[in-house]
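Descriptive analysis of the structure
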Amino acid sequence: MRRRRGRPISGVLLLDKPAGVTSNQALQTARRLLDAAKAGHTGTLDPLATGLLPLCFGEATKVSQFLLGADKTYRARARLGITTTTGDSEGEIVRERPVAVDQTALAAALQAHTGDLLQVPPMHSALKQGGQRLYELARRGETVERAARPVYVGRLELLCFEGDAFEVDIDCSKGTYVRSLIEDIGETLGCGAHLTALRRLRVGVLDVERAVDLDRLRACAQAGPDALDACLLPMADALAHLPQLRLDSPLAQRLQRGQAVELAAPPAPGWVAVFTAEGDFLGMAQVADGRLWPRRLVSQPAAGGDA
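Residues numbered from 1 in each chain as written. Predicted model: local features only at pLDDT ≥ 70, side-chain atom pairs only at ≥ 80, totals over all residues. Heavy atoms only, no water.

It is worth spelling out the environment of serine 64 at this point. Within the fold, serine 64 resides in helix α2 (residues 64–68). Residues serine 64 and glycine 40 lie 24 residues apart in sequence; the distance between their C-alpha atoms is 7.6 Å. Residues contacting serine 64, with those up to four places away along its chain left out, are His41, Thr42 and Cys56. (Helix = DSSP H or I, 4+ residues; strand = E, 2+ residues; numbered from the N terminus. Contact = heavy atoms within 4.5 Å.)

As a rule of thumb, soluble globular proteins bury nonpolar side chains together. If you look at the biggest cluster of nonpolar residues, it comprises 48 residues, and the most contacted ones within it are Leu13, Phe57, Phe166, Ile170 and Ile185. Apart from the residues within four sequence positions on either side, isoleucine 185 is in contact with Leu106, Ala109, Leu110, His113, Leu156 and Phe166. One finds Cys56, Ala238, Leu242 and Phe281 within the second-largest nonpolar core, a separate group that totals 25 residues. (Core = buried A, V, L, I, M, F, W, Y, C linked by side-chain atoms within 4.5 Å. Buried < 20%, exposed > 50% of the residue type's maximum accessible area, 1.4 Å probe, protein only.)

With that settled, the discussion passes to the confidence of the model for the protein chain. With 89% of its residues at a pLDDT of at least 70, the protein chain reaches an overall mean of 89. Every residue in residues 300–307 is under pLDDT 50, and counting partners more than four places away or in other chains gives 20 contacts. (pLDDT = per-residue confidence, 0-100.)

Our next topic: the pairing of strand β1 (residues 11–17). In terms of residue burial, β1 counts as a mostly covered element, since seven of its seven residues are buried. Neither face of β1 is left uncovered, since the one carrying Gly11, Leu13, Leu15 and Lys17 and the one carrying Val12, Leu14 and Asp16 both have all their residues buried. The pairing of β1 with strand β14 (residues 232–233) spans two bridges and is antiparallel. Paired with valine 12 across the strands is leucine 233, a residue of β14. (Pairing = 2+ DSSP bridges.)

Here we take up the packing of aromatic side chains. In the structure shown here, the tally under the stated rule is two aromatic pairs. Taking 4.8 Å as the distance between ring centres and 70 degrees as the angle between the ring planes, the aromatic pair formed by phenylalanine 66 and tryptophan 271 counts as edge-to-face. In this pair, phenylalanine 66 sits in helix α2 while tryptophan 271 sits in strand β17 (residues 270–276), placing the two residues 205 residues apart along the sequence. A relative accessible area of 8% places phenylalanine 66 in the buried class. For tryptophan 271, a relative accessible area of 25% gives the class partly exposed. With a centroid separation of 5.4 Å and an interplanar angle of 55 degrees, the aromatic rings of phenylalanine 275 and phenylalanine 281 are classed as tilted. Taking relative accessible area as the criterion, phenylalanine 275 reaches 9% and is therefore assigned buried. Classification of phenylalanine 281 by relative accessible area gives buried; the value is 6%. (Phe/Tyr/Trp six-rings, centres within 6.5 Å; stacked < 30°, edge-to-face > 60°.)

Next up on the list: unusual backbone geometry. Across residues other than glycine, the phi torsion is negative in most instances, and most of the peptide bonds are trans. A positive phi angle is found at aspartate 35, which is not glycine, with a value near 55 degrees. Note on placement: aspartate 35 falls in the loop between α1 (23–34) and β2 (39–41). Here the phi dihedral of aspartate 289 falls at roughly 55 degrees; this positive angle occurs in a residue that is not glycine. Structurally, aspartate 289 can be placed in the loop between β18 (281–288) and β19 (291–297). On the accessibility criterion, aspartate 289 (72% relative accessible area) is exposed.

This is the structure in structure tokens:
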């Protein structure tokens, strides 16, 4: 029988990813430092980008999809007048145009790109089409038709404007490509634009201010397992943006046995985070037909306070 390697820890690590590192590289580094048996991330950040990358370990990998689907906040910096092959500063310049934009015109363009939008995913993205990542096709010089997808931008706040460059904070739904948003703003202004810097500030209720960077994690690794485990959040903390439901002991036990639970006053249909009456996290369930259906139950207490 193959022995499982690594510690069976569970919890969520809020990592402040550095620039120049892929999300998977950051995950594998964190996993090695924590000596974790099981790990996964909650959606990728481009190598160019920095900021909040929640990483799930152990039982928390069962709920990673709910962080992937959470709303997000970014801080983006853009350059006007230049468009590139990738929509960011890592691509080759494909067109340069003069910039004749004032702050009033920029504010109007930002306003035009808030609310419900249809966005065409960029070729240089991890989205799959025909079983292949779009960026793999793009690297071979191929371009394919991509269907526009609905996204929502709740806020585009202008932080600074310097003639041919600007910086904004963006609140947006899952699946929003900030590079594409910047390109679209540039086209609205008639001069084009590309992304020069991107930092993710928030995922759901999780904020980058609570995150640790890789240097801090390495220092904790030197200090020992207790210092590392103290960096982990209980998985329930990462799900506070979702509906919550507490069950008394008999109902909680039925749910843990994999049985649907009848609810006297069921919440709205959909996903809910379920807890015991004492506040222990049981996992994720779905409300449908007035009953609670077990879907992503945890099999052991999570490190950092779920016990």
